[in-house]
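Understanding the architecture of this molecule
The residues making up each chain are set out below.
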Amino acid sequence: MSEIKVRFAPSPTGYLHVGGLRTALFNFLYAKKVGGKFVLRIEDTDQKRKVEGATENLLSTFDKIGISFDEGPTQGGENGPYFQSQRLEIYKNHIKKLLDDGNAYPCFCSSERLEQIRTEKMAKKETPKYDRHCLNLSKSEAQERMKHEPFVIRMKIPDDEEIVFFDVVRGRVAIPTAEIDDQVLIKTDGFPTYHFANVVDDFLMGISHVIRGEEWLPSTPKHTLLYRFLGWKLPKFVHLPLLLNPDKSKLSKRQGDVAVEDYLKKGYLPEALLNFVALLGWNPGDNQEIFSLAELEQKFSLKRVQKGGAVFDIEKLKWMNGQWIRNEKIEKIAELGKPYFLEANLDISDNRKFLAVIENARKRVDTIPEMLEHSLPFYRDLEFSETDLELLKSESSQKVVKFWAEKLAEKTNWSEPEIKNLVKETIEETGIKGKDLFFPLRLALFGATQGPDIPALIEILGVAESVKRLKI
RNA sequence: GGCCCGUUCGUCUAUCGGUUAGGACUCCAGGUUUUCAACCUGGCAAGAGGGGUUCAACUCCCCUACGGGUCACCA
């Protein structure tokens, strides 16, 4: 019984994509579920696309979101290094076997020539494949030219064969070899391509399950062939359904936020994001929808991974985030909201008041920063429009407001039932009720006729401030 | 275009041949709160089409349609 080991292998191109988050999460959950190991490997074999700080960025996002690795750049491990750019020697060692066995060959064609055959084939509506121009060079000639000419190393795809592999979610997949190009394995700059590096590393790192996005399905035959050439046992392949834009195309930047950081900045909780993304392409089989990470770790199963792509529906994410905001401990939500209040220059030093304010606001929002707009009247002087003032200055309103100011001032502790009693008392004393009673009160206390109910308002404001506001 | 994968309410999804096809988001209505929100209840809304197999098909098979992915010295 060999060990279960999975990996997340992003290329460091800047930020963590929500699709990447989902892939990482499923890997993580599977590892947790079966007691396996989770590896982070940075696929930085493209020198041209290197982005400064991208890896640090990735790491910090995972840190915030609560996904951790057993092996990787920060925690090390016996299979390192975990940057492909630091494993060049390893790839060179393995390409040699391919070359010796005739399963790979050097190619000296210029990119111009490649471009030319591609356009020619496209014009003839043929699949643009390499014409194997360099395949039949004699060994000695090739050897000689390798000394002073730039070259790549290509994989020699067998003729007329059907490559069959079994995907854990899709079952049997078969692709004819005629469809596969003689893939470049080593680039002119000596770096490996994804296809080669990922196979070598997955094997050397002992990866048992390759869990990745469906976009890799068509190139999987190249990988299985490589395993065959190298004489290695195949890992299990698990291709996850794609995350989609509302128009069903592959989730992309063009149609909205796609970086996990963007969502975090907008006030989505890591827990909600994880919860939401977990349910895209997987479900527990019952009707539960709100899950903590710990619960997911327990319930996750590859058997319940979907085949079809899933649209990333922001409306549902918002709802789910609202659920988390309402159900998390109030102190935690307050802590998350704090920076926004401080930035607005509000004095939130009275913690009792702040918690009450947050308790009121959290019921009305989908994201953290939205709490601010629902809380402003508790911290700032109220501003009244002409019509507001008209309402407040009316005889009836003044009667209500004065009555309350007077009564409230009688003592400092008012319970909710007592406030409700005061409402009854007001009706009895003044005969004013309904809208005529509640609108002036709420307007005076909160600056709007719609909002929190009166007991809540007084609870948050405190008796002294309430009395002050009622004297208008 | 070739190849590959996919297809249940608008969206996320349940259903392992026999169900009034269930839940959630959105939307609508009602309740609660004499307001708003939250919350509760209810409602609208689905098996792409056509052939088989079977006593019975959303479920198994085939074809068609549609959607997507992929065809780089990017991953």
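Let me sum up the structure you'll find in this document.

Parameters at a glance
- Residues numbered from 1 in each chain as written.
- Chains lettered and ligands numbered in written order.
- Predicted model: local features only at pLDDT ≥ 70, side-chain atom pairs only at ≥ 80, totals over all residues.
- Heavy atoms only, no water.
- Helix = DSSP H or I, 4+ residues; strand = E, 2+ residues; numbered from the N terminus.
- Rg over C-alpha atoms; globule rule 2.2 N^0.38 Å.
- Contact = heavy atoms within 4.5 Å.
- Areas by Shrake-Rupley, 256 points an atom, 1.4 Å probe, with all protein chains shown as cover.
- Lys, Arg positive; Asp, Glu negative; His and termini not counted.
- Charge placed at Lys NZ, Arg CZ, Asp CG, Glu CD.
- Disulfide = S-S within 2.5 Å.
- Phe/Tyr/Trp six-rings, centres within 6.5 Å; stacked < 30°, edge-to-face > 60°.
- Lys NZ or Arg CZ within 6 Å of the ring centre and 35° of its normal.
- Core = buried A, V, L, I, M, F, W, Y, C linked by side-chain atoms within 4.5 Å.
- Buried < 20%, exposed > 50% of the residue type's maximum accessible area, 1.4 Å probe, protein only.
- Near = heavy atom within 4 Å.
- Polar contact = N/O pair within 3.5 Å; in protein donor to acceptor, adjacent residues only side chain to side chain.
- Nonpolar A, V, L, I, M, F, W, Y, C, P; charged D, E, K, R; others polar.
- Axes fitted to C-alpha atoms, helices over the stretch in contact; angles between N-to-C directions.
- Parallel < 35°, antiparallel > 145°, perpendicular 65-115°, else oblique.

**Remarks on the overall build of chain A**
For chain A, the count of helices and strands is 21 helices and eleven strands. Expected size for 472 residues packed as a compact globule is a radius of gyration near 23 Å; at 32 Å, chain A overshoots this value by more than 25%. Seen along its three principal axes, the alpha-carbon backbone of chain A occupies a region of about 110 × 50 × 35 Å. Put simply, of all contacts in chain A between residues at least 6 apart along the chain, 74% involve residues at least 24 apart. Of the accessible surface of chain A, which amounts to about 23,600 Å², a share of 50% is contributed by carbon and sulfur atoms. Computed over 70 positive and 72 negative side-chain charges, the separation of the two mean positions in chain A equals 4 Å.

**Here we look at the state of the cysteines**
Covalent bonding between the sulfur atoms of two cysteines is what defines a disulfide. For the coordinates displayed, the defined rule picks out zero disulfides. Cysteine Cys 107 shares no disulfide, and the gap to the nearest cysteine sulfur, in Cys 109, comes to 3.8 Å. Looking at Cys 109, it has no disulfide partner, and the nearest cysteine sulfur is the one in Cys 134, 3.5 Å off.

**A closer look at the packing of aromatic side chains**
In the structure shown here, the tally under the stated rule is 19 aromatic pairs. Summarising the aromatic geometry, the rings of Phe 108 and Phe 151 are spaced 6.0 Å apart at their centres and angled 55° between planes, so their arrangement reads as tilted. Remark: Phe 151 occurs in the loop between helix 5 (139-148) and strand 4 (152-155) and Phe 108 occurs in the loop between strand 3 (104-107) and helix 4 (111-123); sequence separation between them is 43 residues. Among the aromatic residues, those joined into a ring-pair cluster are Phe 8, Phe 28, Phe 38, Phe 62 and Phe 69. Stacked on the ring of Phe 108, the Lys or Arg Arg 145 has its end atom at 4.4 Å from the ring centre. Just above the ring of Trp 414 sits the side chain of Lys 411; from NZ or CZ to the centre is 4.9 Å.

**Structural notes on the nonpolar core**
Core analysis: the biggest nonpolar cluster contains 96 residues, and Ile 67, Phe 341 and Trp 404 have the highest contact counts within it. If sequence neighbours within four positions are ignored, Trp 404 has contacts with Ile 419, Leu 422, Val 423, Thr 426, Leu 437, Leu 441, Ile 454, Ile 458 and Leu 470. Ranked by size, the runner-up nonpolar core spans 29 residues in total, among them Leu 98, Ile 180, Phe 196 and Leu 230.

**A look at the protein's contact with RNA strand B**
Taken together, 64 residues surround RNA strand B, and among them Thr 188, Glu 289, Lys 363, Arg 364 and Gly 451 come closest. Backbone sugar and phosphate groups make up 72% of those atoms of RNA strand B lying within 4 Å of the protein. In this structure, Lys 187 approaches RNA strand B through a side-chain N or O atom, which is 2.7 Å from a phosphate oxygen. Mapped by element, the contributors of at least two residues to the surface near RNA strand B are helix 4, strand 4, strand 6 (171-176), strand 11 (310-311), helix 11 (314-327) and helix 19 (435-446). In terms of residue class, the surface near RNA strand B is built from 22 nonpolar, 16 polar and 26 charged.

**What to know about the environment of Thr 61**
Within the secondary structure layout, Thr 61 lies in helix 2 (residues 54-65). A residue is classified by how much of its surface remains accessible, and Thr 61, at 1% relative accessible area, is buried. A C-alpha to C-alpha distance of 13 Å links Thr 61 and Val 258, two positions 197 residues apart in sequence. Residues contacting Thr 61, with those up to four places away along its chain left out, are Leu 16, Val 260 and Glu 261. Reaching out from Thr 61, the side chain makes a polar contact with the side chain of Glu 261 at a distance of 3.0 Å.

**Quick word on the packing of helix 3 (residues 88-100) against helix 6 (residues 194-204)**
Running from N to C, helix 3 and helix 6 point in directions that differ by 105°, and their axes come no closer than 11 Å. Comparing the axis directions of helix 3 and helix 6 gives the class roughly perpendicular. Residue-level contacts link Ile 90, Tyr 91, His 94, Ile 95 and Leu 98 of helix 3 to Phe 196, Ala 197, Val 200, Asp 201 and Leu 204 of helix 6. Of the residues belonging to the contact of helix 3 with helix 6, the class tally is eight nonpolar, one polar and one charged.

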